[in-house]
Amino acid sequence: MTLDPQLRKKLLNESRNPFFGVRRLLWIVLFGSATLGFLIMATRALSGEVVLWSDVGIQLTALLLFGGLTFFDRRRRD
C-alpha cells in the first residue's frame with residue numbers, strides 16, 4: 001500500500017513545520033493586539049495624558065516581538 005504523492009508531500013511538510021496555521025494565526029492576533037494597544041497609548045499621550053515610559057517600552061517590545069515572529073514564521077519558497 002503506497003500513499004498518494006501529493007498526500008505524502010503534504011504530510012512530510014506538516015511534520016517539518018507542525019501547526020503552521022495555528023502558529024501563524026496566533027502571531028497575527030498577538031501582533032494586532034500589540035498594534036492596537038500601542039495606538040491607544042499613543043493617542044492618550046498625544047491628548048496630553050501622562051503615559052509611563054515603561055508602558056511604552058512594553059508595548060513597543062510586544063509590537064516588535066510579535067511582528068518579527070509573524071515575519072520570520074512564514075512559508076519560504078524553495
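Criteria and thresholds
Residues numbered from 1 in each chain as written. Predicted model: local features only at pLDDT ≥ 70, side-chain atom pairs only at ≥ 80, totals over all residues. Heavy atoms only, no water. Phe/Tyr/Trp six-rings, centres within 6.5 Å; stacked < 30°, edge-to-face > 60°. Buried < 20%, exposed > 50% of the residue type's maximum accessible area, 1.4 Å probe, protein only. Lys NZ or Arg CZ within 6 Å of the ring centre and 35° of its normal. Patch = residues over 30% accessible without salt bridge, like charges linked within 9 Å, V, L, I, M, F, W, Y side chains within 5 Å. Areas by Shrake-Rupley, 256 points an atom, 1.4 Å probe, with all protein chains shown as cover. Salt bridge = Lys/Arg side-chain N within 4 Å of Asp/Glu carboxyl O. Helix = DSSP H or I, 4+ residues; strand = E, 2+ residues; numbered from the N terminus. Axes fitted to C-alpha atoms, helices over the stretch in contact; angles between N-to-C directions. Parallel < 35°, antiparallel > 145°, perpendicular 65-115°, else oblique. Left-handed = near helix turned anticlockwise from the far one by under 90°. Contact = heavy atoms within 4.5 Å. Nonpolar A, V, L, I, M, F, W, Y, C, P; charged D, E, K, R; others polar. Polar contact = N/O pair within 3.5 Å; in protein donor to acceptor, adjacent residues only side chain to side chain.

Comments concerning the packing of aromatic side chains
Tallied over the full model, the rule gives 1 aromatic pair. Judged by centre distance (5.1 Å) and plane angle (75 degrees), the ring pair of phenylalanine 71 and phenylalanine 72 falls under edge-to-face. With a relative accessible area of 46%, phenylalanine 71 lands in the partly exposed category. Given a relative accessible area of 55%, phenylalanine 72 falls into the exposed group. Above the plane of the ring of phenylalanine 71 lies arginine 74, whose end atom (NZ or CZ) is 4.1 Å from the centre.

Some remarks on a nonpolar patch on the surface
A grouping of Leu3, Leu7 and Leu11 is seen on the molecular surface, where their side chains present a nonpolar patch of about 260 Å² in accessible area. Along the chain, leucine 11 turns up in helix α1 (residues 5-16). Since its relative accessible area comes to 46%, leucine 11 is described here as partly exposed.

Examining the packing of helix α2 (residues 20-46) against helix α3 (residues 53-72)
Between α2 and α3, whose axes approach to 8 Å, the crossing angle comes to 150 degrees. Here α3 runs roughly antiparallel to α2, going by the angle between their axes. Judged by the twist between their axes, the crossing of α2 over α3 is left-handed. On α3, the residues touching Arg24, Trp27, Ile28, Leu30, Phe31, Ala34, Thr35, Gly37, Phe38 and Met41 of α2 are Asp55, Val56, Gln59, Leu60, Ala62, Leu63, Phe66, Gly67, Leu69 and Thr70. Class assignment for the residues of the contact of α2 with α3 results in 13 nonpolar, 5 polar and 2 charged.

Side note on the side chain of glutamine 59
Here glutamine 59 shows up in helix α3. Within the structure, the side chain of glutamine 59 is placed 3.2 Å from the backbone oxygen of alanine 34, a separation counted as a polar contact. Setting aside chain neighbours within four positions, we find glutamine 59 in contact with Ala34, Gly37, Phe38 and Met41.

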